[in-house]
Amino acid sequence: MSAQDLSNLSATSLSATSDSVSLFEMGPRDGLQNEAAVPTQAKVALIEALANAGVKRIEAGSFVSPKWVPQMADSGEVLRQIRRQAGVVYSALTPNVKGLELALDAKASEVAIFGAASQSFSQRNINCSIEESIERFIPLMDMAKAANIPVRGYVSCVLGCPYEGEIAASEVARVSEILYKMGCYEISLGDTIGVGTPLKARKMLQAVMERVPVEKLALHFHDTYGQALANITACLDLGVRSFDASVAGLGGCPYAKGASGNLASEDLVYMLHGLGLKTGIDLEKLALAGFGISKQLNRLNGSKVANAILQGAKA
Ligand code: HMG
Ligand code: MG
């Protein structure tokens, strides 16, 4: 994408596709999976505050091995305790059938399987190769279908791997297509370690779009190098309208050392609204949700927009 293309990125060029954008909030899962000793009640309060801000899709937890990620061991309790709002999806990660059984038990509205475009990351994250993970997902998909529960799919390391470095876009496209053909209703493309840059992100998305329709794709960019907003901007005119983000920029991945949180939801919403796109989210209430959890964690809020709102800076 040239500088001229970027400057042409206006409501007119975006109007070729929908002007509504869907934000999938990652804070309670991707955000808190790296944080020790967050009380269950604080997770519940965060999820309820996000729904009150108008967020319609929330990843509420993760049914993984408590030995691998003890931080998520209370996900069942979290899902049982939240006061649910109509029209809000409360999702959970499930790496295998056991995870799905627990998620169904806790009445998750939908679940997500997670694979990778890097063999080394797959091995470290879920203790199996890419091919073994696909085999493991087959009975999970069958069980989810029988239970009538939608399954989302993640592909990690789409713009680089902490163990292998460069990852070919063709491999990202291959794994994405497999998950899509298995029945995932949407494939979320994860820059797990936040190393991508705009042109690379765009090329990767174009490669995946040759195999999976863009309406079925989402972008999940960690913001380690501060490129996530620029990457999304560079991909918007390709038609992608689903983005993962984490309130207050919380998070990281326990199996990707040094990776920071997802792009802050507040920063994404502010930019999307500025581009004339609709999210249905109340930015001030979203910022309040972020300040609530930041205070609980005794952390500075990682969202520039939330901090600007706090200072009363005028847009
Ligand atoms: P394993 O050790 O190969 O599994 O782990 P296993 O089947 O041999 O089971 C070992 C033990 O775990 C057994 O217990 C099982 O019952 C138990 P034991 O007999 O020893 O007492 N177990 C479970 N317990 C609860 N829930 C389950 C479950 N499964 C097995 N679902 C496994 C394989 C996949 C379970 C493990 O590697 C694991 O839990 N990995 C999760 C890692 C993780 O959560 N990573 C972070 C999320 S992914 C991410 O952040 C990336 C993303 O954001 C996108 C991006 O940014 O790129 C999505
Ligand atoms: Mg992630």
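Source: prediction; values computed, not measured.

1. Considering the site of ligand 1
Taken together, 29 residues sit near ligand 1, with Lys67, Asn125, Asn127, Ser156 and Thr192 positioned nearest. Backbone polar atom of Phe63 to a nitrogen atom of ligand 1: 2.9 Å apart, as the coordinates give it. In this structure, Asn127 approaches ligand 1 through a side-chain N or O atom, which is 2.8 Å from an oxygen atom. Starting from 1100 Å² of accessible surface for ligand 1 in isolation, the protein chains cover 77%. Sorting the residues of the shell around ligand 1 by element identifies α3 (27-31), α6 (97-105), α7 (119-126) and β5 (151-156) as the ones contributing at least two each. Looking at the shell around ligand 1, the element that brings in the most residues is α6, giving three residues.

2. With respect to the coordination of the magnesium ion (ligand 2)
For the magnesium ion (ligand 2), every protein donor is listed as Asp30 (OD), His220 (NE2) and His222 (NE2), and the spread of their distances is 2.1 to 2.2 Å. Look at where the donors of the magnesium ion (ligand 2) fall in the sequence and you get D-x189-H-x1-H. Take His220: its relative accessible area is 5%, and that puts it in the buried class. For His222, a relative accessible area of 4% gives the class buried.

3. Examining the nonpolar core
Counting 100 residues, the largest nonpolar core has Leu79, Val155, Val172, Leu189 and Leu286 as the members making the most contacts within it. With residues up to four places along the chain from it excluded, the contact list for Leu286 reads Leu50, Ala53, Val55, Val247, Ser265, Glu266, Val269 and Ile281.

4. Observations concerning the packing of aromatic side chains
Tallied over the entire structure, the rule returns one aromatic pair. The ring of Tyr154 has Arg29 lying over it, and the distance from NZ or CZ to the ring centre is 5.8 Å. A cation sits over an aromatic face here: Arg124 above Tyr163, 4.0 Å from the ring centre.

5. Observations concerning the state of the cysteines
A full pass over the atoms with the stated rule returns zero disulfides. Lacking any disulfide linkage, Cys161 is separated from the closest cysteine sulfur, that of Cys157, by 4.3 Å. On the basis of relative accessibility, which here comes to 5%, the residue Cys161 falls in the buried class. Cys184 takes part in no disulfide bond, and the closest cysteine sulfur, belonging to Cys128, lies 15 Å away.

6. Focus on the pattern of salt bridges
Counted under the stated rule, the structure contains 16 salt bridges. Linking Lys278 and Asp19 is a salt bridge whose minimum nitrogen-to-oxygen distance equals 2.8 Å. Of this pair, Lys278 sits in the loop between α12 (265-274) and α13 (283-297) while Asp19 is found in the loop between α2 (11-14) and β1 (22-25), placing the two residues 259 residues apart along the sequence. On the basis of relative accessibility, which here comes to 48%, the residue Lys278 falls in the partly exposed class. The exposure class assigned to Asp19 is partly exposed, which follows from its relative accessible area of 36%. Salt-bridge contacts for Glu186 lead to Arg57; the nearest nitrogen and oxygen are separated by 3.0 Å. Of this pair, Glu186 sits in strand β6 (residues 186-191) while Arg57 sits in strand β2 (residues 57-62), and the two are 129 residues apart along the sequence. With respect to class, Glu186 is no different from Arg57; both count as buried. Residues participating in the shared-partner salt-bridge network are Arg57, Arg152, Glu186 and Asp244.

7. Quick notes on the sheet that holds β2
Backbone hydrogen bonds are what pair the strands of a sheet, in a parallel or an antiparallel way. Taking strand neighbours around the barrel as the criterion, the eight strands line up as β1-β2-β3-β4-β5-β6-β7-β8 in a closed arrangement whose pairing is parallel. The average undirected angle you get between the axes of adjacent strands in this sheet is 25°. Two strands pair when backbone bridges link them, and β6 and strand β7 (residues 217-221) are joined in this way by five bridges, in the parallel orientation. Bridge pairing in β7 links Ile187 to Leu217. In this fold helix α11 (residues 228-236) packs onto β7 and β8 (242-245), with an angle of close to 160° to the strand it touches most, β7.

Here is what the cut-offs are and how they apply
Residues numbered from 1 in each chain as written. Chains lettered and ligands numbered in written order. Predicted model: local features only at pLDDT ≥ 70, side-chain atom pairs only at ≥ 80, totals over all residues. Heavy atoms only, no water. Near = heavy atom within 4 Å. Polar contact = N/O pair within 3.5 Å; in protein donor to acceptor, adjacent residues only side chain to side chain. Areas by Shrake-Rupley, 256 points an atom, 1.4 Å probe, with all protein chains shown as cover. Helix = DSSP H or I, 4+ residues; strand = E, 2+ residues; numbered from the N terminus. Donors = N, O, S within 2.8 Å, 3.2 Å for Na, K, Ca; no water. Buried < 20%, exposed > 50% of the residue type's maximum accessible area, 1.4 Å probe, protein only. Core = buried A, V, L, I, M, F, W, Y, C linked by side-chain atoms within 4.5 Å. Contact = heavy atoms within 4.5 Å. Phe/Tyr/Trp six-rings, centres within 6.5 Å; stacked < 30°, edge-to-face > 60°. Lys NZ or Arg CZ within 6 Å of the ring centre and 35° of its normal. Disulfide = S-S within 2.5 Å. Salt bridge = Lys/Arg side-chain N within 4 Å of Asp/Glu carboxyl O. Pairing = 2+ DSSP bridges. Axes fitted to C-alpha atoms, helices over the stretch in contact; angles between N-to-C directions.

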